[in-house]
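Chain and residue survey
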Amino acid sequence: MTQRLPPQGDGTPPGEITDLLRAAEAGDAKASDSLFAAVYAEMRRIARRQLSASGRHADLDTTELVHEAYLKLSHGAPWTIRDRYHFYAATARAMRQVIVDDARRRFRGKRGSGQRAIALDDVAGGLPLSERPEELLALDEALTLLESEDPELARIVEWRFFNGLSVEDIARTLEVSERTVKRHWKIARAFLFRQLSRSGPETPA
Amino acid sequence: MTESADGRMREAAPLFEELAERTPAEAEARLEEIRRTDEPLADLLRELLAAERGAGDFLEDGALAYASPALARELAAPDESGAARAGEWIGPYVLVSLLGRGGMGEVWIAERKDGQFEQQVALKLLTRGTDSEGVRLRFLQERQVLAGLEHPHIARLLDGGTAADGRPYFVLELVHGEAITAYCRRLRVSLEDRLRLVATCAEAVAAAHRRLVVHRDIKPSNVLVDEQGQVKLLDFEIAKVLSEEPDASLTRADERVLTPGHAAPEQILGELITTATDVYALGTVLYELLTGSPPFERSSASAALLASQVENETIERPSRAVLSATAPDASPQTRRDKRRLSKRLAGDVDAIVQKALRREPERRYAGAERMAEDIRRHLAGERVVARPDTFGYRARKFVRRHSAGGAAAALIFLSLLGGLTAAIWQARVASANARRAERVQAFLIGIFQGSDPTHSRGETITARQLLADGTRRIEMDLRSEPEVQAALYDTVSQIEVSLGDLPDARTLAERALAQRRRLFGEDDARTLSSRVTLADVLSGLGEAKAAMRELQEVVPKLTAALGADHVETIRAKEALTSALGNNSQLDEALAMAKELVASRRRRSRAPTPELASNLALLGELQENTSRFGEAEKSYREAIVIFERSLGPNDPRTAKAHGALGVRSQEVVPGGVGLGCVC
């Protein structure tokens, strides 16, 4: 792929990321991992810039993060829909893994280990989301469950929740109507909320 | 109702959409219809609809809202070039979060994800960009070190390998714990339990010592106590295996990172690192646990400053430190409590700490094990060996007692110290077991104990008796350590020579030589070195020709084996110079003396008394070959060095003065020990 942009000192070479996307699409697990690493690094660079500009972590914006990473990594060259699909899959995986690991760490710190407590009750209590790592862990688990039930639904949650992608972006990349994305989002969200509202298998909320 | 949707979400989805678009009443009717044929699906749909209504702004904020500020900071942290990243795969491990950065790598919490089990571990990874060959070697060495250590109180090595990009890594047991000092402070651990923790830690260190490993960086942050109250020793990053050839293992402080507050003086001053180095560091940890603060304040502004601080620092006894301490973590708030604690520490505990923190490594506990034993002894109410200060005390007493006979006794003492270092060194090199080094040290200390009136019923022991006793003990106690035994026979033989006890010296030199021939073969430097010792004795016994021939053969061999300027080669050259002189081969003797002086100068840039002695020898030979101008120059240089290093009143200075003044026509005297006694 020919490039018109000036060389970027810190980025992954433009050709390389496209190669990685193609290889990931072909099912190459190693390429998938490398893609993930490249995407993560890029997102971190962007996050750093965003934060240093604002000085507050609350100003970190996932949507912007992913879009910027997209622009940066594609170097302005057009990506096919399949490329874009794998790119979003990688960014979602990166964000999900990072945020879940963070929550797991804090949850361990909070509770020692083992005991799980789902904390939707805290919603009323007004505890900020960042103080509810257990909720995110439960969400992660529920999302995994949803993946086994219906991967298409789970993908939409991943892209929207972890990537901050708009309905429009998702629809375009998945080649479905926006209406479908909205409907799928609605039921997926209902499924997850239902899962989180249960404190355990025996005692429905 | 089951927890999941039992795989029915695909069926439920279109129905849910349909229901969601209806009015509640319509939806209810449709649900009842479904219920008639499929009750679980109807239940699922009802719950989903309820959830949809109750979800509010659930998930609308995006996942980052759940992230902790710490994560946001981590995401935004400066990207160290080559640093690993969360989420990166290293072999079958995924990096989760950074625990810390060390001198040559990063430590991560990682998870093994190979489908079989998930386990959190500590993964140590060489930082990209710092993987010079030296660093890589040390890193791999640590892996080697840890692989050999299996101990309940040392963080276990689980795995190791090379990452896809070639960086070596290894995987350690993840210890959920806190620094021993923080742990004791938080739980207000009792004094006895603090002592117990340190004893346990010392035992772990001793286990490492038995595997010939010195930790070299023991400090509170490397001694963790886990949730079960178990001590775990971490971070063998700069640990070193005490084995293989001495030159590679002679580690100098300047090539390494050290922790100023806990480093032993020899680390800071660039002297030999031994197991006693770890004893010292254990002492600093114990001190801090007892008094609430480290034994000294060192600033690490510069290496030179640090070195001068170490030379001058004195350590306050723990029992005194707690009285002056402002806020010790044992927190004896009232003056009475402080006094009580002070009283409790005075005596045994003071002695234990002081013995661990001696400036001179050889005066500390002979090993971490001894320290652990002493702490346990104290806890059991038994008498500790730290009191009295055996080695230094006896050595000082000994020298003082023999001050009349002065030089000889002091010489023995110094030689023994020299011999001690050498013997320990050789034991360490030769042995597969660090205990051997401890045994040798204990043995040498024992010789001094034998000379202490409290141990020998007040008899005055002469230097000769001391050596005779020592020899007997070398024979008896070191039977199972023939290599060490030979080294000590050799050392004592050299001492006997300087005392003029030549027949005994000969017996010992012959024994040392025979033993080394048997152990190491004819061409080994140690065998050659014993031939020098024996030749020296023969020289003294008047067998000048035999000695000369022997040395003429040995000097080139030693030069080939160790180099021209090795201390053993120089000793051989000294012996050969005097042997040649004794055989009236003055020109050859003069040539050898010149070579000797040149070797000395190459060996040490700063002028040493040894160089001065050799210059005096050269001067005599120059005089005897009528090179008076050169002789005078040699004498003058010798005098300047002697005066500067030993003072004007030292017998050697006086003698050099005499030689210059009188221009003695005597031939080189005696023929033995020229480098040592003038």
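For clarity, every value in this text was computed on a predicted model and none was experimentally measured.

**Topic: the overall build of chain B**
Per the secondary structure count, chain B includes 28 helices and eleven strands. Expressed as a percentage of its 678 residues, the buried residues of chain B come to 44%.

**Quick notes on the overall build of chain A**
Of regular secondary structure, chain A possesses nine helices and zero strands. Each helix and strand of chain A, ordered N terminal to C terminal, gives the series α-α-α-α-α-α-α-α-α. Within chain A, buried positions represent 46% of all 205 residues. Looking at chain A alone, contacts between residues at least 24 apart form 61% of all its contacts between residues at least 6 apart.

**Digging into the packing of helix H22 (residues 525-540) of chain B against helix H23 (residues 544-562) of chain B**
All names here are of chain B. Remark: H22 packs on H23, axes separated minimally by 9 Å, with the N-to-C direction vectors making an angle of 155 degrees. When the interaxial angle is binned, H22 and H23 end up roughly antiparallel. Crossing geometry of H22 relative to H23 is assigned as left-handed. Contacts between H22 and H23 pair Ala525, Leu528, Arg531, Val532, Ala535, Leu538 and Ser539 from the former with Ala544, Ala546, Ala547, Glu550, Leu551, Val554, Lys557, Leu558, Ala561 and Leu562 from the latter. Its residues assigned to classes, the contact of H22 with H23 comprises 13 nonpolar, one polar and three charged.

**What to know about unusual backbone geometry**
All names here are of chain B. With a phi close to 70 degrees, leucine 59 is a non-glycine residue in the positive phi region. Exposure remark for leucine 59: the 18 C-beta atoms within 10 Å place this residue in the partly exposed category. At arginine 188, a residue that is not glycine, the phi angle is positive and equals roughly 45 degrees. Turning to its location among the elements, arginine 188 is positioned in the loop between helix H6 (180-186) and helix H7 (191-210). Looking at arginine 188, the number of C-beta atoms within 10 Å reads 10, which means it is exposed.

**With respect to the nonpolar core**
By size, the foremost hydrophobic cluster in this structure holds 145 residues, and its most contacted members are Ile99 of chain A together with Leu123, Val198 and Leu282 of chain B. With twelve residues, the single largest contributor to this core is helix H4 (residues 81-111) of chain A. Ignoring anything within four residues of it in the chain, the contact list for leucine 123 of chain B reads Ile90, Tyr93, Leu95, Trp108, Ala110, Tyr169 and Val171 of chain B.

**Observations regarding the environment of leucine 551 of chain B**
All names here are of chain B. Position of leucine 551 relative to the elements: it lies in helix H23. Judged by the 26 C-beta atoms lying within 10 Å of it, leucine 551 is buried. Distance from leucine 551 to leucine 534, taken between C-alpha atoms, is 9.7 Å for residues 17 residues apart in sequence. In this structure leucine 551 touches Val532, Ala535, Ala572, Ala575, Leu576 and Ala579, once residues within four positions along its chain are discounted.

**Quick notes on the confidence of the model for chain B**
Residue and element names in this part refer to chain B. In the predicted model, chain B carries a mean pLDDT of 74, and 67% of its residues have values of at least 70. Element-level mean pLDDT values for chain B span from 33 in helix H8 (residues 246-249) up to 92 in H23. Low pLDDT, under 50, characterises residues 417-437; the stretch is placed with 38 contacts to residues that sit more than four places away or in other chains. Of the regions scoring below 50 in pLDDT, residues 662-678 engages in 37 contacts with residues more than four places distant in sequence or in other chains.

**Comments concerning the pairing of strand S9 (residues 223-226) of chain B**
Residue and element names in this part refer to chain B. Relative to S9, strand S7 (residues 177-179) runs antiparallel, the two being bridged by three bridges. From the neighbouring strand, glutamate 178 faces S9, where its bridge partner is valine 225. Across three bridges, S9 lies against strand S10 (residues 231-233) in antiparallel orientation. Across the sheet, residue leucine 224 finds its bridge partner in S10, namely lysine 232. Where S9 folds back on S10, the antiparallel hairpin that results is connected by four residues, among which glycine 229 adopts a positive phi of roughly 80 degrees.

**Here's the deal with the interface of chain B and chain A**
Taken together, the 41 residues of chain B in the interface contact 47 residues of chain A. Where the side of chain B that touches chain A is concerned, the elements lending two or more residues are helix H1 (9-20), helix H3 (39-54), helix H4 (69-76) and strand S2 (93-101) of chain B. Its residues assigned to classes, the side of chain B that touches chain A shows 24 nonpolar, seven polar and ten charged.

**As for H7 of chain B**
With 20 residues, H7 of chain B ought to run about 28 Å at 1.5 Å a step, and its terminal C-alpha atoms sit 28 Å apart, in line with that. Most of H7 of chain B sits out of view: 14 of its 20 residues are buried.

**Examining the sheet that holds S10 of chain B**
Residue and element names in this part refer to chain B. In spatial order, the strands read S7-S9-S10; together these three strands make up an open sheet with antiparallel pairing. Either end of the sheet is taken by a strand with one partner, and the two such strands are S7 and S10. Neighbour to neighbour, the strand axes of the sheet diverge by 35 degrees on average, direction disregarded. The strands that H7 touches are S9 and S10; relative to S10, the one it contacts most, it runs at about 35 degrees.

**Examining the environment of alanine 368 of chain B**
Residue and element names in this part refer to chain B. Inspection of the secondary structure assignment puts alanine 368 in helix H15 (residues 368-379). The exposure class assigned to alanine 368 is buried, which follows from the 32 C-beta atoms found within 10 Å. In contact with alanine 368, other than residues within four places in its own chain, are Ala202, Val205, Ala206, His209, Thr275, Asp278, Val279 and Leu282.

**Considerations on helix H13 (residues 335-345) of chain B**
All names here are of chain B. Regarding H13, the residues found buried are Leu341, Ser342 and Leu345. Mapping the buried residues of H13 onto a view down its axis gives an arc of 100 degrees, with all of them on the same face. Exposed and facing more than 90 degrees away from the buried side of H13 are Arg336 and Lys343. Looking at the buried positions of H13, the neighbouring elements they touch are helix H10 (275-291), helix H12 (318-324) and helix H14 (348-356). Just beyond H13, the residue with positive phi is glycine 347, at close to 95 degrees.

**Here's the deal with the packing of helix H8 (residues 167-174) of chain A against helix H9 (residues 178-197) of chain A**
Residue and element names in this part refer to chain A. Closest axis-to-axis distance for the H8/H9 pair is 8 Å, and the angle between their directions is 110 degrees. Considered as vectors, H8 and H9 are oriented roughly perpendicular to each other. When you trace H8 past H9, the crossing you get is right-handed. Between H8 and H9, the residues in contact are Val167, Glu168, Ile170 and Ala171 and Glu178, Val181 and Lys182, respectively. In the contact of H8 with H9, the residues fall into four nonpolar, no polar and three charged.

**Examining the environment of leucine 502 of chain B**
All names here are of chain B. Mapped onto the elements of the fold, leucine 502 is located in helix H21 (residues 502-520). Judged by local crowding, leucine 502 falls into the buried class, with 20 C-beta atoms found within 10 Å. With 35 residues separating them along the chain, leucine 502 and valine 537 place their C-alpha atoms 6.3 Å apart. For leucine 502, the residues in contact, after removing those within four places along its chain, are Val497, Val537, Gly540 and Leu541.

**Quick look at the confidence of the model for chain A**
Residues and elements named next belong to chain A. In this model, chain A carries a mean pLDDT of 72, and residues with pLDDT of at least 70 account for 69%. Predicted confidence for residues 1-11 stays below pLDDT 50, and this span has twelve contacts to residues more than four positions away or in other chains. Low pLDDT, under 50, characterises residues 199-205; the stretch is placed with seven contacts to residues that sit more than four places away or in other chains.

Analysis parameters
Residues numbered from 1 in each chain as written. Chains lettered and ligands numbered in written order. Predicted model: local features only at pLDDT ≥ 70, side-chain atom pairs only at ≥ 80, totals over all residues. Helix = DSSP H or I, 4+ residues; strand = E, 2+ residues; numbered from the N terminus. Buried ≥ 20, exposed ≤ 12 C-beta atoms within 10 Å, placed from the backbone. Contact = placed C-beta atoms within 7 Å. Axes fitted to C-alpha atoms, helices over the stretch in contact; angles between N-to-C directions. Parallel < 35°, antiparallel > 145°, perpendicular 65-115°, else oblique. Left-handed = near helix turned anticlockwise from the far one by under 90°. Nonpolar A, V, L, I, M, F, W, Y, C, P; charged D, E, K, R; others polar. Core = buried A, V, L, I, M, F, W, Y, C linked by C-beta atoms within 7 Å. pLDDT = per-residue confidence, 0-100. Pairing = 2+ DSSP bridges. Expected span 1.5 Å × (residues − 1). Arc of directions from axis to C-beta.

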